[in-house]
2 protein chains.
Amino acid sequence: MDFQNFFELAKEARGEAKAELVFRGGNVVNVFTGEIIQTSVAVTKGTIVGIGDRYVGKHEIDISGKYLCPGFIDGHIHLESTMLTPADLVEQAVKCGTTTYIVDPHEAANVSGADGIDYILDNTADVPANVYVMMPSCVPSLPIEDNGCVFDAEQMKRYLDNPRVLGLGEVMDYTAVINAAPDMTEKLALFDGKPKDGHAPGVSGKALNAYVLAGITNDHESASYEEVMEKRRLGMHIHVREGSAARNLESIVRGIVQSGQSVEGFSFCTDDKHIEDIHAEGHIDHCVRKAIACGMKPVDAIRMATINTARHYGLHHQLGAIAPGLQADFVVLDDLEQVTVHAVYHKGRDVSPFHAQYELPQGSPLRRTMHSLPVRPEQLNLPVGETSDIIRIIPSQIVTAHETARLPQENGFFVPDGTYSKIAVIERHHNTGRVGVGAVAGFGIRNGAIASTVSHDSHNLSVIGDNDADMLLAAEHLRKIGGGYTLVSGGKLLHTVPLPIMGLMSDAGFDTVQSELAAMIAKAHEMGVPEDIAPLTLLSFFALTVIPALRITPRGLFDVEQMRFIACK
Amino acid sequence: MDFQNFFELAKEARGEAKAELVFRGGNVVNVFTGEIIQTSVAVTKGTIVGIGDRYVGKHEIDISGKYLCPGFIDGHIHLESTMLTPADLVEQAVKCGTTTYIVDPHEAANVSGADGIDYILDNTADVPANVYVMMPSCVPSLPIEDNGCVFDAEQMKRYLDNPRVLGLGEVMDYTAVINAAPDMTEKLALFDGKPKDGHAPGVSGKALNAYVLAGITNDHESASYEEVMEKRRLGMHIHVREGSAARNLESIVRGIVQSGQSVEGFSFCTDDKHIEDIHAEGHIDHCVRKAIACGMKPVDAIRMATINTARHYGLHHQLGAIAPGLQADFVVLDDLEQVTVHAVYHKGRDVSPFHAQYELPQGSPLRRTMHSLPVRPEQLNLPVGETSDIIRIIPSQIVTAHETARLPQENGFFVPDGTYSKIAVIERHHNTGRVGVGAVAGFGIRNGAIASTVSHDSHNLSVIGDNDADMLLAAEHLRKIGGGYTLVSGGKLLHTVPLPIMGLMSDAGFDTVQSELAAMIAKAHEMGVPEDIAPLTLLSFFALTVIPALRITPRGLFDVEQMRFIACK
């Protein structure tokens, strides 16, 4: 509460003075009681001062026939994944009604450590939304990673008193938690009693007990209702994820509805959602809409999008509902079936005219994060024998299969083709010259290569193609321009999206980024990438050593299930 | 979580070492999912390490056929009201399954300020239960009170970092909140974002909006479901109260059940419950039992007694459920209909052998809190006219009615009889010599007087009787012995319960206190007090200026509805 102005606000609450603004006659969604009540809501200085028909405002907005909801909350989001600046993303997503973001700046921290986190905090300080940050817990995500920085418990301490820092971010290294590794224990203890975001895909039984013992309070990786319920039984809060790649909402929501389970303990999150998908289908409003379409009561879906998340993160004294003393963050909906967003307010102000102002200085070190050597042609050679371990793509998923196959070869070296692509991951943070090479089945690219410095979680330079020359050209181009995506065919640079900020984000704005990305994706499909594969997303995940089954890093192929390298270079 | 021992505990959670203790085969009540699941629970060093059939313990307790619940929580309790020391009370109530107490030491603070609060904290530091303290917010409860100490925002600051201090205690002076009085605003701001206990009997409409605006997070004064729901709609958490005097459970629980309202946002509390009632019917277990008898699902009643309260006070990372990492506070029940308590565990240890050890030194200033002058006979004179304002007792309630009547008189002064008793409230903290005198209808005492230094909220010395001589004797006796209750008849001291600690509490133990109180109450009824009136309880509330309608203080009769004195002396 804004106690500086309490005397004035209390006077208005008592009805002895007019409020600045009254939303009159709307159907107000009450997330506490589950009722929808036609009444008015009075707001002054961004705070809700009273609810009731008899409040009078200096300015009034008639929303008769419409529904007034609390602003939506994204329970877990990596802002970097959209490739826009954080403020750019918020500017887009807030128009869908998402007025609060629980952000894990895991990618920025993996490239630039505390400087990356500070960038996310600074860049979102003045957006028309509430942006909270969880401290990235796995930087690097595993000890074997070649990432940009180490971000440890000691460095986290200076963030403990920051009111925008709520707890510990997605603890991907669940093995370290379960085995009580000392470094991890130090981070866990630092946030004792605070929210700790989980990441426990398929973790079950005693291992899950050990993970929860550590005080991990939520999980967003569950794909089925059964998996969700095992976690709920141990007290975990569940963020039902509906992003660009991972879409778990339908199966979980249908499970909740069919079993009659209370939605207490459930929220929504996007985790990673690209801007084009936000434009096409929406953000958290899309989760609400889809949950209702799956049979959930509208008020329950709205609870998952608002108060449940606020309460989990200890924000319910500030936001997440329509009640006196809370922020006037509202979504006005035309209806509760299509969940059509009519208007969005943050602290009582319409968000639509907002345009991000923040600019990262041209001289910032965050614009110079390519610290790598040119790749020598022989570094792309992959020696093969009778059979080789290969990464098999599973359409529409980011998990891969670990297979063995006889690869096409010449002089003992792999020769890629339309069936088996070559992939290389090039260390780009510390000039180590490390390059890991492998083979991928199912990508299908012909006569060219695609490269990216968005490459979870260490964000080295990943390049995939059917010939070494195009792969080398693509890699070298990104090295020179400071990172991004590029597509090369027949020795020519066809499309490039520069991502000058940490090699992860562009400040060129959505339209520029989007049109070039779309052209690149279309060209990739033209070059043979199957239509049920998202070429750029997939390329960004080949190096992610915390997701099964087989991955590739600058040190070679990594077997996630065994947690060991297959071949070290 | 106990991160000092995390390495060891995690090993046991993984099943690689035996836990200290396993509760085997019970029906475990899961307050997250609402399920009851037959399984085992492993405990080490007071912490739950894992849940599942395959855990093995060095020591095992077979609870097959029984129900394992999280320890119960009393959401709001004034420990002083039982007249035992805090530790004595906990020793009794914990056997009923209440392992956590949210305590408001309002009475102790009104007599002895911060010293009184420190006494409650110290006295309960080593009990076999979790005792948390809310900072008394209304000391004095109104500016017109003659209490012992002022406890203001400045003095509260040194408690802000105490992990056992959770927020601001019962804000009785709702008028000060609604009108944003500066002293009150300072206290409210100090606990911004933390729980703030409410006290808003009958507060409604715009006044209630203003009260909630201030961040008051809960209320335990609601008597009806309709009143409850108005508060729930504004986001208040509801403690359903079932104490000795005020009993609101049945009407509220029936309302919840009949309307199908979720129990999220509801808890139980006792507020004030005497030890004899705890012995006769139980404590929070009684609330659970009664709620089930009113038609509530057992799991929902248990949620109200456990996780809902824990979550409201931000304790859910430590207690309130059976989950890994939480304290092993358990109630073992024989059944879910009678809710028969079989055993109680705090941090994995059976609480039944516990006996309080703490002793307040004989020289403590808390044992010398009678600072009053002997009453002169003429101070008890009450001049009366044609009609006088009188306090009318309403059986079974603490609210009184404000009536006018022609009182029996001689020489212009009131002469009490069996119809109209005389009451006097004597200031006892600062030797001011103030004595307020009034007339009470419905108490019925004949041939004697009863006096008490337990006299909410300022705890002056209240005495009621039908003749001045016995009243003077009773008052003088309590002044000499340092406070307590005493009953006098025909010039003789018949029964006395000394309450040497602040004039509020005895360290003589339950049996001594109880037998003498029972004798005193029986004698009072014999002397004419109707059977449907609790003489000692009622005597303790005549001076309570925050409860309607007419009250008596050392400064005279006080009209609570008008918030003003009728006659100042």
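These figures come from a predicted structure and were not determined experimentally.

Each helix and strand counted, chain A has 16 helices and 29 strands in total. Relative to the 2.2 N^0.38 estimate, which gives 25 Å for 569 residues, the radius of gyration of chain A is 24 Å and therefore close to what a compact globule would have. Across the 569 residues that make up chain A, the buried fraction comes to 64%. Sequence separation of 24 or more characterises 68% of the internal contacts of chain A that already satisfy a separation of 6 or more.

Take the pairing of strand S27 (residues 550-553) of chain B next. Moving residue by residue along a regular strand, the side chains alternate between the two faces of the sheet. Residue and element names in this part refer to chain B. Side chains Leu550 and Ile552 of S27 all project onto a buried face; the interleaved residues Arg551 and Thr553 project onto the opposite face, where all are buried too. Pairing of S27 with strand S28 (residues 556-559), which is carried by four bridges, proceeds in the antiparallel orientation. Following the sheet pairing, Arg551 is matched in S28 by Phe558.

Now for the pattern of salt bridges. Any two side chains of opposite charge can pair, on the condition that their charged atoms come close. For the structure on display, the rule yields 56 salt bridges over all chains. One salt bridge in this structure joins Glu35 of chain B and Arg233 of chain A, with 2.7 Å as the shortest N-O distance. Of this pair, Glu35 of chain B sits in the loop between strand S1 (19-29) and strand S2 (36-44) while Arg233 of chain A sits in helix H8 (residues 225-233), which puts the two residues in different chains. Given a relative accessible area of 24%, Glu35 of chain B falls into the partly exposed group. When its relative accessible area of 28% is taken as the criterion, Arg233 of chain A is described as partly exposed. Among the ionic pairs, Lys157 of chain B bridges to Glu154 of chain B, the shortest N-O distance being 3.1 Å. Given the relative accessible area of 41%, Lys157 of chain B is considered partly exposed.

Spatial ordering of the open sheet is given by S27-S28-S29 (chain A), a layout of three strands whose pairing is antiparallel. Where the open sheet ends on each side, the last strands, each with one partner, are strand S27 (550-553) and strand S29 (564-565) of chain A.

It is worth spelling out the side chain of Asp271 of chain A at this point. Residue and element names in this part refer to chain A. Checked against the element boundaries, Asp271 lands in the loop between strand S13 (266-269) and helix H10 (275-281). Here the side chain of Asp271 touches Arg241 through a polar contact of 2.7 Å, side chain to side chain. Excluding its chain neighbours within four sequence positions, the residues that come into contact with Asp271 are Asp74, His76, Ile77, His78, Glu170, His220, Glu221 and Arg241.

All right, on to the interface of chain B and chain A then. Each partner contributes residues to the interface: chain B has 52 residues there, and chain A has 52 residues. Roughly 4,600 Å² is buried in total at the junction of chain B and chain A, and carbon and sulfur atoms are behind 60% of that figure. Per-residue buried area on chain B facing chain A is highest for Phe3, Lys206 and Leu213 of chain B; these three make up 17% of the total on that side. Across the contact surface, chain B and chain A share 20 residue pairs in polar contact (both at pLDDT 80 or more). Contributing elements (two or more residues each) for the side of chain B that touches chain A: helix H1 (6-13), strand S3 (47-51), helix H5 (174-178), helix H6 (182-190), helix H7 (205-213) and helix H8 (225-233) of chain B. Among the residues making up the side of chain B that touches chain A, the classes are represented as 27 nonpolar, 14 polar and eleven charged.

Here helix H7 (residues 205-213) of chain A has its buried residues at Leu208, Asn209, Ala210, Tyr211, Val212 and Leu213 of chain A. Looking at the buried residues of H7 of chain A, the elements they touch are strand S9 (165-171), helix H5 (174-178), strand S10 (196-198) and H8 of chain A together with H1 and S3 of chain B. In the segment just after H7 of chain A, Gly215 of chain A is the residue with positive phi, at about 85°.

A few words now on the relation of the copies chain B and chain A. Note on the copies: chain B fits chain A at an RMSD of 0.1 Å, the axial shift is 0.0 Å, and the rotation between them is 180°. Such a combination of rotation and displacement between the chain copies is what one expects of a two-fold axis.

Next up on the list: helix H2 (residues 86-93) of chain B. When you tally the buried positions in H2 of chain B, you get eight out of eight residues, the bulk of the element. Residues of H2 of chain B that are buried sit in contact with strand S6 (72-77), strand S7 (98-103), helix H3 (106-123), strand S8 (130-135), helix H10 (275-281) and helix H15 (510-526) of chain B.

Before going further, it helps to examine the packing of aromatic side chains. If you walk through the whole model with that rule in mind, you get twelve aromatic pairs over all chains. Measuring from ring centre to ring centre gives 6.3 Å for Phe443 of chain A and Phe542 of chain A, while their planes differ by 65°; the resulting arrangement is edge-to-face. With Phe443 of chain A in the loop between strand S22 (435-441) and strand S23 (448-452) and Phe542 of chain A in the loop between helix H16 (535-541) and S27, the pair connects residues that are 99 residues apart, well separated along the chain. The class of Phe443 of chain A is buried, set by a relative accessible area of 0%. Phe542 of chain A sits in the buried class, given a relative accessible area of 1%. An angle of 70° between the planes, with centres 5.0 Å apart, marks the rings of Phe558 of chain A and Phe565 of chain A as edge-to-face. As far as the burial class goes, Phe558 of chain A and Phe565 of chain A line up, both buried. An aromatic cluster is built from Phe23, Phe330 and Tyr345 of chain A, whose rings are joined through pairwise contacts. Here the guanidinium or amino end of Lys206 of chain A rests over the ring plane of Tyr55 of chain B, the centre of that ring lying 5.1 Å away. One Lys or Arg, Arg232 of chain B, reaches over the ring of Phe266 of chain B and ends 5.7 Å from the middle of that ring.

Okay, the sheet that holds S27 of chain B next. Residues and elements named next belong to chain B. Read from one edge of the open sheet, three strands run S27-S28-S29, paired in antiparallel fashion. Each edge of the open sheet carries a strand with a single partner, namely S27 and strand S29 (564-565). Bridge count for S28 against S29 is two bridges, and the pairing is antiparallel. Across the sheet, residue Asp559 finds its bridge partner in S29, namely Arg564.

Thresholds applied
- Along every chain, residues carry numbers that run from 1 in the direction the sequence is written.
- Key to labels: chains lettered from A, ligands numbered from 1, both in the order written.
- With pLDDT at 70 or above as the cut-off, local features in this predicted model cover only qualifying residues; side-chain atom pairs require 80 or more to be listed or tallied, and sums for whole chains, interfaces and linings still use all residues.
- Remark: hydrogens and water are excluded; side-chain values derive from all non-hydrogen atoms of the structure.
- A run of DSSP states H or I qualifies as a helix once it reaches four residues; a run of E qualifies as a strand once it reaches two. Both are numbered from the N-terminal end.
- Restricting the calculation to C-alpha atoms gives the radius of gyration, and the globule rule supplies 2.2 Å times the number of residues raised to the power 0.38.
- A 1.4 Å probe rolled over the protein chains alone gives each residue an accessible area, and that area as a share of the maximum for its type sets the label: buried under 20%, exposed over 50%, partly exposed in between.
- Contact criterion: two residues are considered in contact whenever any of their non-hydrogen atoms come within 4.5 Å of each other.
- Strand pairing follows a simple DSSP-based rule, namely that at least 2 bridges must link the two strands.
- The rule for a salt bridge is simple: a side-chain nitrogen of Lys or Arg has to be within 4 Å of a carboxyl oxygen of Asp or Glu.
- Pairs of N or O atoms are called polar contacts if they sit within 3.5 Å, as long as, within protein, a hydrogen donor faces a hydrogen acceptor (for residues adjacent in sequence, only side-chain-to-side-chain pairs).
- Note on definitions: buried area is the accessible-area loss of two parts on being combined, 1.4 Å probe, summed for both.
- Three residue categories are used. Nonpolar comprises Ala, Val, Leu, Ile, Met, Phe, Trp, Tyr, Cys and Pro, charged comprises Asp, Glu, Lys and Arg, and polar comprises the others, including Gly.
- Copies overlap after least-squares fitting; the atoms used are the C-alpha atoms of residues with pLDDT of at least 70 in both.
- Any two of the Phe, Tyr and Trp rings considered here, Trp counted by its six-membered ring, make a pair once their centres fall within 6.5 Å; the pair's planes then place it as stacked at under 30 degrees, edge-to-face at over 60, or tilted in between.
- A ring is scored as having a charge over it whenever the NZ atom of a lysine or the CZ atom of an arginine sits within 6 Å of its centre and within 35 degrees of its normal.

It is worth stressing that arrangement in space is one thing and function is another; only the former is reported here.
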